[in-house]
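Per-entry structural report
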Amino acid sequence: MGSKIAELLNKTATKIILAIVLGFMAGALALAVAGYDPGTSYSMMFTSIFSSPQNMIQVLILTMPNILTGLSVAFAFKTGLFNIGGEGQYIVGAIAAVMVGGVFNLPPVINVIVIMLAAFLAAGLYGALAGFLKAKFGIHEVITTIMLNWIALYLNNYLISLPGIGVKNTEYSFAIKQNAWTNVLNGWKTSPQGQAYLAAHPALSPILLGTDINYGIIIAIVVAVAVSFLLYRTTFGYQVRAVGLNKDAAEAAGIRVKKSIVMTMFIAGGLAGLAGALQMTGTLPHALVTLASQPGYGFNGITVALMANSSPIGCIFTALLLSALQFGGSTIQMNLGAPSEVVNIMIGVIVFFVAVASMFTMISERIKRRRVKIAD
Amino acid sequence: MKNQQADAVEMQSIYKYFDNFCALNAVNLKVRRGSIHALLGENGAGKTTLMNILYGLYRPDGGKILINGEPVEMKNPNVAIEHKIGMVHQHFKLVENFTVVQNIILGQEVVKAGCVLDLARARKQVMDLSKTYGLAVDPDAKIEDISVGMQQRVEILKALYRGVEILILDEPTAVLTPQEINELVNIMHNLTEDGKTIIIITHKLKEIKKSSEYCTIIRRGKYIDTVVVKSVSEQQLASMMVGREVSLVVAKAKADPGDIIFRIDNLTVEDNRKIERVKELSLYVKRGEIVGIAGIDGNGQKELVEAITCLTKVKAGKISINGAELQNTSPHYVVENGIATIHEDRQKRGLVLDFPVKYNLILENYNKPQFAGRSILKEPAIHQFAEDSIRRYDIRPEDCASEPARALSGGNQQKVIIARELSENPELLLAFQPTRGLDVGAIEFIHSALIKHRDSGHSILLISFELDEIMNVSDRICVLYDGRIVAEFLQGEVDENEIGLLMAGGERKNGI
Ligand SMILES: Nc1ncnc2c1ncn2[C@@H]1O[C@H](COP(=O)(O)OP(=O)(O)OP(=O)(O)O)[C@@H](O)[C@H]1O
Ligand SMILES: [Mg+2]
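Right, let's walk through the structure included here. Computed from a prediction, not measured in an experiment: that's the story for all the values here. (Residues numbered from 1 in each chain as written. Chains lettered and ligands numbered in written order. Predicted model: local features only at pLDDT ≥ 70, side-chain atom pairs only at ≥ 80, totals over all residues. Heavy atoms only, no water.)

**Notes on the overall build of chain A**
Within chain A, the regular secondary structure consists of 17 helices and two strands. Computed over C-alpha atoms, the radius of gyration of chain A comes to 23 Å, within 12% of the 21 Å expected from 2.2 N^0.38 for 376 residues, which places it in the range of a compact globule. For chain A, the C-alpha atoms occupy an extent of roughly 80 × 55 × 35 Å along the three principal directions. For chain A, the residues scored as buried account for 52% of the 376 residues in total. Sequence-distant contacts in chain A: of pairs separated by 6 or more residues, those separated by 24 or more amount to 77%. For chain A, the accessible surface area stands at approximately 16,700 Å², while carbon and sulfur atoms represent 71% of it. With 21 positive and 11 negative side-chain charges, chain A shows a spacing of 9 Å between the two charge centroids. (Helix = DSSP H or I, 4+ residues; strand = E, 2+ residues; numbered from the N terminus. Rg over C-alpha atoms; globule rule 2.2 N^0.38 Å. Buried < 20%, exposed > 50% of the residue type's maximum accessible area, 1.4 Å probe, protein only. Contact = heavy atoms within 4.5 Å. Areas by Shrake-Rupley, 256 points an atom, 1.4 Å probe, with all protein chains shown as cover. Lys, Arg positive; Asp, Glu negative; His and termini not counted. Charge placed at Lys NZ, Arg CZ, Asp CG, Glu CD.)

Dropping the structure here:
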C-alpha cells in the first residue's frame, strides 16, 4: 500500500493532478475569505460550463489557441529557451493568415493548408529573429521577444490603418474569404437547404449559428501529438533537447548549438503563429482587429506550459483546464459578484506546485523510507 | 570534550536503496579521531553515497550514525556542518562566473558595517589560508577560467575556511599532479596533527599507502574489511577491492607507427583573459601511435584541447588531420574529420546528465544510419547498442540504459564517455585525463582498450596529469611546460624523475 502510494507520487501526472487539487483548495480558501461560499461558487463554475452545449463549445474554442501557444512555450522550454514572444508570434500568424486568406482564392482545404503554412512561416521567422539575436549576439530571448510583442501589435494596428487593408470606418481589416473558414459545416449552414434544415431542428441552430464552432481544436490536438513526436522520436528533437539540457556537451559533440537555437525559436514561433491563423479562420470577424492590448494567448501559453511541466500532450489538458477556469471565472463574477481573480489565484497556486513538484518526490521518498524501516 | 575515547565517526549497518537497487548493504565505518582513513572500492561501490549520507545529503534507509560517540540524525548538510563535518565533492559545486574568493566565502561572507561585503578582508583571509597550507590559487580568477586542478584546490580551501573538524575528501587527488599530491598529503598530516579527522576516497593505492592509517574496503555496496594500511601491500589492496587479481601495469607490444596523420604547427592560443597559454607549439601524431603529453595542470593542456576541438579560437598556427585544416572551424567539423575527444570535465563537456545513458552513448552519432532513418530515432537499435556498450565496458549497474547519466557513479559516467568515443573507431582519439576517477580494475581495462585502438591502426593523443599513465601507455612522450613542448622521448628512454623535473620547468641535464 505505502509502496504503491510512493510510486504513484513519483509520476509526473500524479504530481500535476495533486497541484491542481491544491489549486482548487487555495481558490476555495480565497473565496471563503472574500465572503463567498466556495461550494456554491465552484458548482456555479461547473454548471455554467455544462449547462449548455454552446458554453462547452465556447470553452473548446478558447482552448485551441491556448494549446498552440502552450506548445510554443513548452517546445522552447524543452530546449532551454524561454519564449515570452507568443503574443507577437500569434499576431504575426494572424496577419499572415488574413493576408493570404483574404487575397487569394484557392480551392477549399488547400486554402486552409496554405494559410496555416504561411502563418507558420511568418511567425516562425519572427520567432527565429529572437533566436538569431540570441545565437549571434547573446541577447537574451526574454528581452527580444517582449520587444517583438509590441512591434507586432503596432504592426497589426498600422496595417489596419492602411486604406487597402483596413475597412473604412471600422476597426477591422478585410476578412478571410469564407471558403477558407474552418467553421463546422461552414458553407452549408448559411445555404438555403442548411437554413431550412436548421429551422426544422431548433436544437442544432444555437450551436452551429450561435457559436464559432470550428475544427481548430482538432488541428491543435494533432499538432500537439506531432510536437511530441518531433521532440521525442526524431533526431531533431534529440538535438534540441541535448542543447537544452547541456549546451556545452552538445557543442563538444559536434551539435550545431546556434543553429539549433534558431530552429527552436522558428518552431516555437510557428506554433504560436498557428494559433493566430486558426483563430482568424475559425472565429468572427475572420479579420484583424485593432488591438488596444496584447491578445493574451501568448501569456496563457506560458501558464499552460508551466502547468503541463512542458509536456506537449499535457498541454492539451492544461489548456482545457485553463480555458474552463477562465470561462467559469467570468460566470461567477457575473452571477455571484464573486471576484474572477480567484481563478488567477488558483492558476498561480497550480503553477507553483507543479514547479515545486520535487516536494512530492520527497514525500514519496519518506514513505518509502518508512516502509524499509518497517521491513527491517 | 566529554567523549575523548570515542571515534570521530561511526556508521553502523548503513542501508541505502535507489528505487529497488541496493547501493549500500549494511556498511560499517569507524573512523578514529585524528586519523586519516581511506575508503576504497570499485566505481559504483557506494563510496560517494556513503559519504553523502554522512554529510546529510542522502537519508539512509537503515542504520545509525554516531559523531564523537553520540547518535546524530543527519537530516541535512546543515546538521553535518553543525557537527563540523565538511565535504569536498567528487564533482565540484562551484559557481562558474564567480571568482575564487567569492566562491570560497559563499555562505560565510565577511561583512563590514553590518551588511557590506568586505571582499578585501575575505581575500586576505583566503590568501593566508592558501599560503599556510600551500594550496596555490589565483584569488581573482573566475572559476570558468581556471583548470580543474585549481578548482579542486578551491574546494579544499572552501572546506578549510569553514573550520571543519572532520573533512571528507571525495577523490580530491583525481586531478592533481604528483607534486601537488605530495603537498596535499603533507597538508592532511598537518591537519590531523591539529586533531582533525580526514576521510579520503581515492582510487590511487599509492596515495593510500602514503597518507592513510586505516582503509575500509567496500565492494558492490557491501562492507568487506577495514585494514591497517601499513600491514598490507598495494597489490593486496587492489585484489581485496576488485575481488580478483589485477595487474597494475599494462602489457603492450612495440608500436609500429605509419605516416603522420595529425599535426600541429606553431600553435598559439589565448585564454578568456587574453593570456597566451599555448605558445608556438608544434607536434605530430603518426598512424598507430600513442603520443602522450606529460605536464603539470595549467601549462596549456586545457587550451590545447579546446583549440584542437574548435571550442576556442586559435590566435596563430595550424592544426590538421589527414591534410584537412581544423583551426577555427567548428566542433562539428572536427568530429566529422574523425577526431573523438574525451574531455577533462566530464559533466560539463562529456555528458548530458539528464539524458538517459543510452542517449549519452550516441551523442555524436545520433544522426548515423544505424541509429536514425529518415530523421526518426531507431529506439530498439539505440537500446541494443547501449546494452552492448554497457556489457563491453562493464558500466554498472548493468540495467542503467534508460537511467539518467546523473544516477551513475563518477567512474561509471567516465566509462560511458569512453565507450562512446571509441565506438566509431576514430582516426584520432584525443584523450584528456581518460581515467580520471576510475578504479584500478577499470584503468587496466581502459588502458588496454587504448592500446587495442592503436593496434588497429589508429592514433591517440593522450594528455594526462598522471605521469604513471603517460609512462605506461605512450609510445612517444612530449613534455609540456608553460605552453611549449620542451622535450620529447620515446617510451623507456628516460625515467620518471627526469620527466618530472622537466615538467616542473627544469633544464634537461644532457641538453637537447
Ligand atoms: N541518485 C542516484 N539515483 C540512482 N542511483 C544512484 C544514485 N546515486 C548513486 N547511485 C548508484 O549507486 C551506486 C553507488 O554510487 P556511488 O556514487 O556511491 O559510487 P562510488 O563508489 O562513489 O563510485 P565512483 O568511484 O565511480 O565515484 C552506483 O551504482 C550508482 O549508479
Ligand atoms: Mg564516487
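Having seen the structure, we can now continue with the description.
**Topic: unusual backbone geometry**
Negative phi values dominate among residues other than glycine, just as trans dominates among peptide bonds. Leu284 of chain A connects to Pro285 of chain A through a cis peptide bond whose omega is 0 degrees. Relative to the elements of secondary structure, Pro285 of chain A occurs in the loop between α13 (257-282) and β2 (287-289). Geometrically, the link from Arg396 of chain B to Pro397 of chain B is a cis peptide bond, its omega value of -5 degrees lying close to zero. Note that Pro397 of chain B resides in the loop between α13 (379-392) and α14 (410-423). Residues other than glycine seldom take positive phi values, yet Arg374 of chain B does so here, at roughly 50 degrees. Looking at where Arg374 of chain B falls in the secondary structure, it is placed in the loop between β19 (372-373) and β20 (376-377). With a relative accessible area of 83%, Arg374 of chain B lands in the exposed category.

**Quick look at the sheet that holds strand β22 (residues 459-464) of chain B**
All names here are of chain B. Overall, mixed pairing links the six strands, which are arranged β18-β21-β22-β15-β23-β24 in an open sheet. Looking at the sheet topology across the chains shown, the edges are occupied by β18 (339-342) and β24 (484-490). Strand-to-strand twist in this sheet, taken as the mean axis angle between neighbours without regard to direction, amounts to 15 degrees. As defined by bridge partners, β18 adjoins strand β21 (residues 428-432) across four bridges and the pair is classed as parallel. What sits directly across from Ile342, in β21, is Ala431. Here helix α9 (residues 301-308) sits on the sheet and contacts β15 (290-294), β18, β21, β22 and β23 (476-481); the angle it forms with β21, its principal contact strand, is near 150 degrees. Set on the sheet, helix α15 (residues 440-455) makes contact with β15, β21 and β22; between it and β22 the angle comes to about 150 degrees. (Pairing = 2+ DSSP bridges. Axes fitted to C-alpha atoms, helices over the stretch in contact; angles between N-to-C directions.)

**Side note on the site of ligand 1**
Residues and elements named next belong to chain B. Among the 21 residues in the neighbourhood of ligand 1, the closest are listed as Gly44, Thr48, Thr49, Ser409 and Gly411. The backbone of Gly44 places a nitrogen or oxygen atom 2.7 Å from an oxygen atom of ligand 1. Between an oxygen atom of ligand 1 and a main-chain N or O atom of Ala45, the distance comes to 3.2 Å. In the complex, the protein chains occlude 88% of the 640 Å² of accessible area that ligand 1 would expose alone. Elements supplying a minimum of two residues to the shell around ligand 1: β2 (21-31), α1 (47-54) and α14. Looking at the shell around ligand 1, the element that brings in the most residues is α1, giving three residues. When residues of the shell around ligand 1 are assigned to domains, at least three fall in each of domain 1 (9-242) and domain 3 (353-423). (Near = heavy atom within 4 Å. Polar contact = N/O pair within 3.5 Å; in protein donor to acceptor, adjacent residues only side chain to side chain. Domains from an automatic or database assignment.)

**Section: the pattern of salt bridges**
Residue and element names in this part refer to chain B. Within this structure, the stated rule accounts for 30 salt bridges over all chains. A salt bridge links Lys206 to Asp468, with the shortest nitrogen-to-oxygen separation between them at 2.8 Å. One end of the pair, Lys206, is in helix α7 (residues 205-211); the other, Asp468, is in helix α16 (residues 467-473), with 262 residues separating them in the sequence. On the basis of relative accessible area, Lys206 is assigned to the partly exposed category, the value being 43%. For Asp468, a relative accessible area of 31% translates into the label partly exposed. The shortest N-O distance in the salt bridge between Asp271 and Arg277 comes to 3.0 Å. (Salt bridge = Lys/Arg side-chain N within 4 Å of Asp/Glu carboxyl O.)

**Focus on the environment of Ala74 of chain A**
Note on placement: Ala74 of chain A falls in helix α4 (residues 53-78). For Ala74 of chain A, the contacting residues outside a window of four places in its chain are Ala305, Ser310 and Cys315 of chain A.

**Regarding the packing of aromatic side chains**
A complete count under the given rule lists 17 aromatic pairs over all chains for this structure. Measuring from centroid to centroid gives 5.2 Å for Phe77 of chain A and Phe82 of chain A, while their planes differ by 15 degrees, and the two rings are stacked. Exposure remark for Phe77 of chain A: the relative accessible area of 25% places this residue in the partly exposed category. Classification of Phe82 of chain A by relative accessible area gives partly exposed; the value is 28%. Counting every residue linked through ring pairs, the aromatic cluster contains Tyr238 of chain A together with Phe355, Tyr359 and Tyr366 of chain B. Across from the ring centre of Tyr284 of chain B, 4.2 Å away, lies the NZ or CZ of Arg476 of chain B, which sits over that ring. (Phe/Tyr/Trp six-rings, centres within 6.5 Å; stacked < 30°, edge-to-face > 60°. Lys NZ or Arg CZ within 6 Å of the ring centre and 35° of its normal.)

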